[in-house]
Structure formats: structure tokens, C-alpha cells
Amino acid sequence: MSLIPEIKPNQSIELLKALHILTRDGKLNQDTRRKLKQVYHLYHFIEPLLEEVMAENEHAVLVDHGAGKSYLGFILYDLFMKQRAGGQVIGIETRAELVEKSRELAQQLGFERMQFLHLSVEDSIQSKVLPEKVDIVTALHACNTATDDAIRFGLEKEAQFMVLVPCCQAEVAEVLRRHKNESFGKTPLSEIWRHPIHTREFGSQITNVLRCLQLEAHGYQVTVTELVGWEHSMKNELIIARYKNSPRKNAQLRLEQILHELNLEDLRSRFVY
Ligand SMILES: C[S@@+](CC[C@H](N)C(=O)[O-])C[C@H]1O[C@@H](n2cnc3c(N)ncnc32)[C@H](O)[C@@H]1O
């Protein structure tokens, strides 16, 4: 058993060293300690969802979008999937060198039910390499609109759960900016995004509001909370969506109304389908 409290029983020391969470001589790396804390925090939310899904289907599939170095995927596999006979983690990432590194590491550790695909989130929706049904979708700081593509992926794959920590999203702010003059004449609410910094921040916030309404319109129950310990306040929102097969009654209407009120109709196809 490790004397470092952050290291859990049965956790692979080899993995933690490869992810530079532990130094070569087995000490906790102070630079990546924060990353470990963040991933553990997220793990704490995802573990009960995995338990629930795997109680029904021991071959559950989790897809992690914008996986990067796959800290989350590896920690999930090491702490949860490794001890079980089934369950699969698939990482989607556009940077080829990260995909290659993750593949090598999974092979080295014998994590056979981990797969890494060199695909964009958007392309992964149609890719034949991925299963038709996916149980859990995660996207942790997947850049800009990749979170929106991850939601579409989750809807197409009828995911039971989606766990999203959005990154900054510039697309909505750009549309708010483009229609600023029109909005001035239309609504006093345009004061909320008049100043450029407010345009950016409000753009980010309203994007997440639209994402939640979109999920609710598709029958998901949505919980929005804060991921503590995150350094960027605009990027610490955690959205957990659980499929309930009962769309919130007015979600679709509210979504359409907000797009209209805020002159965001150029983005209709992103949020309404
Ligand atoms: C900020 S990093 C986050 C990495 C990881 N999820 C984490 O939190 O440690 C975002 C990652 O998403 C990848 N990415 C960005 N846009 C993407 C897209 N459209 N499809 C797939 N991957 C994408 C980037 O290459 C990068 O590795």
C-alpha cells in the first residue's frame, strides 16, 4: 500500500509515472498534483454512473471526447474497469501524437479494453469504427464547439449519461457580436453583452444554457454544478445529463424563444434538431 494519500489501493504506479503524476522515484509531482485532484473529483461523479450502467450491462462503453493525454480515461480504467471482466473506454482525439502515445501506454499496461481513435468528435458520429450504442459520453474541456458535437454524438448513440465540462465557446459570442446593433433596438437585455468582455462571458454562459435546454428537449434530466478546484472560473461548469425518456415540457419552446430574443437564430441548427 502506498504512503501517499492521493494514491489509491490497486492503482497502477506505472500508469501514474507515465502520466507524470508520480516522478520516476515515486514521489508526487507537484505540477500535476492539481490535475490528479481534478480528475479524481470528476471520477467521484462518474463512478456511480458507471456502477449503475454496468449493473445492467457489464459490457458498457464509455467514450471520452477530446481526450488529450487521456488522464480521465486511464484513471477511469485503472480504478474501475480494470477490476471487472467487461467495460470499454474509447478516447477520441484529433492530435495524432497523443492518440499514438495513449495506444502505446494502454498496450504497455495491458489495458486491453481501451481504444484510442484519431478522429474529430464530429467525424466520430458517423464512423463505423465506433459502436452504434454508447452508454456514457464524457467531454472534459473539449475545445470550442467539440462539446456541442459530443452532445450530438451522445444523442445519436442514445447515451444514458453525458458528463460534460465545457471549454470556452466562441461561436455564440461571435453571433452576439455580429448582431449587436440589431439587438440594441430589440431588447434592453442587450446591455448584458454590450461590453466586449461581457460578450465573451455571456456568450459562454448562454451556450451552456442552450446546451442544457437542448438536452432537456431530448428527454434528459440535467444537473449543473461546479467542478471545484478548477482554476478558470468560466470553465468549471459540470453538466451531468441522465436520459429519462421524458422531455421537459417547455424546453424546446424556451430554446427557440431564447435563440429568437437574443438574435442567435443563425445557430439554430446547432441546438435544435
Ligand atoms: C484542453 S484539452 C483537454 C484534454 C483532456 N480532456 C483533459 O481534460 O485533460 C482539449 C483536447 O481536445 C482535442 N480536440 C479539440 N477539438 C477536437 C475535436 N473537434 N475533436 C477531437 N478532439 C478535439 C485537442 O486536441 C486537445 O487534446
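Residues numbered from 1 in each chain as written. Predicted model: local features only at pLDDT ≥ 70, side-chain atom pairs only at ≥ 80, totals over all residues. Heavy atoms only, no water.

### Details of the overall build of the protein
Assigned secondary structure in the protein consists of 11 helices and seven strands. A globule of 273 residues ought to have a C-alpha radius of gyration of about 19 Å, and the protein, at 20 Å, matches this closely. The principal-axis extent of the C-alpha atoms belonging to the protein is close to 65 × 40 × 30 Å. A burial count over the protein gives 50% of its 273 residues as buried. Counting contacts in the protein only where the partners sit at least 6 residues apart, residues at least 24 apart contribute 74% of the total. Counting every atom, the protein has about 13800 Å² of accessible surface; 50% of that belongs to carbon and sulfur. Here the protein contributes 34 positively and 37 negatively charged side chains, and the mean placements of these two sets differ by 3 Å. (Helix = DSSP H or I, 4+ residues; strand = E, 2+ residues; numbered from the N terminus. Rg over C-alpha atoms; globule rule 2.2 N^0.38 Å. Buried < 20%, exposed > 50% of the residue type's maximum accessible area, 1.4 Å probe, protein only. Contact = heavy atoms within 4.5 Å. Areas by Shrake-Rupley, 256 points an atom, 1.4 Å probe, with all protein chains shown as cover. Lys, Arg positive; Asp, Glu negative; His and termini not counted. Charge placed at Lys NZ, Arg CZ, Asp CG, Glu CD.)

### Examining the sheet that holds strand E7 (residues 237–243)
Two pairing modes exist for strands in a sheet, parallel and antiparallel, and in both the strands are linked by backbone hydrogen bonds. Strand order in the open sheet formed by seven strands is E3-E2-E1-E4-E5-E7-E6, and the pairing between neighbours is mixed. Single-partner strands in this sheet number two, and they are strand E3 (114–118) and strand E6 (220–226). Strand after strand, the sheet turns through a mean of 15° between neighbouring axes, direction not considered. Where strand E2 (residues 88–93) lies against E3, five bridges are found, and the strand directions are parallel. Note on E3: the bridge partner recorded for isoleucine 90 is glutamine 115. Contacting E2 and E3, helix H4 (residues 96–109) runs over the sheet at an angle of about 165° to E3. (Pairing = 2+ DSSP bridges. Axes fitted to C-alpha atoms, helices over the stretch in contact; angles between N-to-C directions.)

### Things to note about the layout of surface pockets
In this structure, the largest pocket spans a volume of roughly 650 Å³. Lining the largest pocket are 32 residues, and of these Gly66, Gly68, Leu140, His141 and Ala142 lie nearest its centre. Secondary structure elements with two or more residues in the lining of the largest pocket: helix H2 (30–56), strand E1 (61–65), helix H3 (71–79), E2, helix H5 (121–126) and helix H6 (146–156). Residue contributions to the lining of the largest pocket peak at three residues, all from H2. Partitioning the lining of the largest pocket into residue classes produces 14 nonpolar, nine polar and nine charged. The space that makes up the second largest pocket amounts to roughly 280 Å³. (1 Å grid on protein atoms, 1.4 Å probe; cavity = no way out; pocket = protein on both sides within 12 Å on 5 of 7 lines; lining within 4 Å. Points joined across faces, edges and corners; volume = space filled by probe spheres on them. Nonpolar A, V, L, I, M, F, W, Y, C, P; charged D, E, K, R; others polar.)

### Brief notes about the site of the ligand
Around the ligand, 15 residues are found, and the nearest of them are Lys35, Gly66, Glu93, Val121 and Leu140. In the environment of the ligand, an oxygen atom lies 2.9 Å from a nitrogen or oxygen atom belonging to the side chain of lysine 35. Between the ligand and leucine 140, the relevant distance is 2.8 Å, taken from a nitrogen atom to a main-chain nitrogen or oxygen of the residue. Out of a free accessible area of 600 Å², the ligand has 77% covered by protein chains. Comparing atom positions with the cavity grids shows the ligand to sit within the largest pocket. Residues belonging to the shell around the ligand are distributed by class as follows: seven nonpolar, five polar and three charged. (Near = heavy atom within 4 Å. Polar contact = N/O pair within 3.5 Å; in protein donor to acceptor, adjacent residues only side chain to side chain. Sits in = over half its atoms within 2 Å of the grid points.)

### Some remarks on the nonpolar core
Within the largest apolar cluster, 44 residues are counted, with the highest numbers of intra-cluster contacts made by Leu42, Ile46, Leu50, Phe74, Phe111 and Met114. Listed by contribution, the elements that provide at least two residues to this core are helix H1 (13–18), H2, H3, H4, E3, strand E4 (136–140), strand E5 (161–165) and E7. Examining the composition of this core, we find that 10 residues originate from one element, H2, more than from any other. (Core = buried A, V, L, I, M, F, W, Y, C linked by side-chain atoms within 4.5 Å.)

### A look at the pattern of salt bridges
Between side chains of opposite charge, pairing is possible as soon as their charged atoms come close. For the structure shown, the criterion picks out 15 salt bridges. Among the ionic pairs, glutamate 52 bridges to arginine 242, the shortest N-O distance being 2.9 Å. Of the two residues, glutamate 52 is situated in helix H2 and arginine 242 in strand E7; the sequence distance between them amounts to 190 residues. Using a relative accessible area of 31% as the deciding quantity, one classes glutamate 52 as partly exposed. (Salt bridge = Lys/Arg side-chain N within 4 Å of Asp/Glu carboxyl O.)

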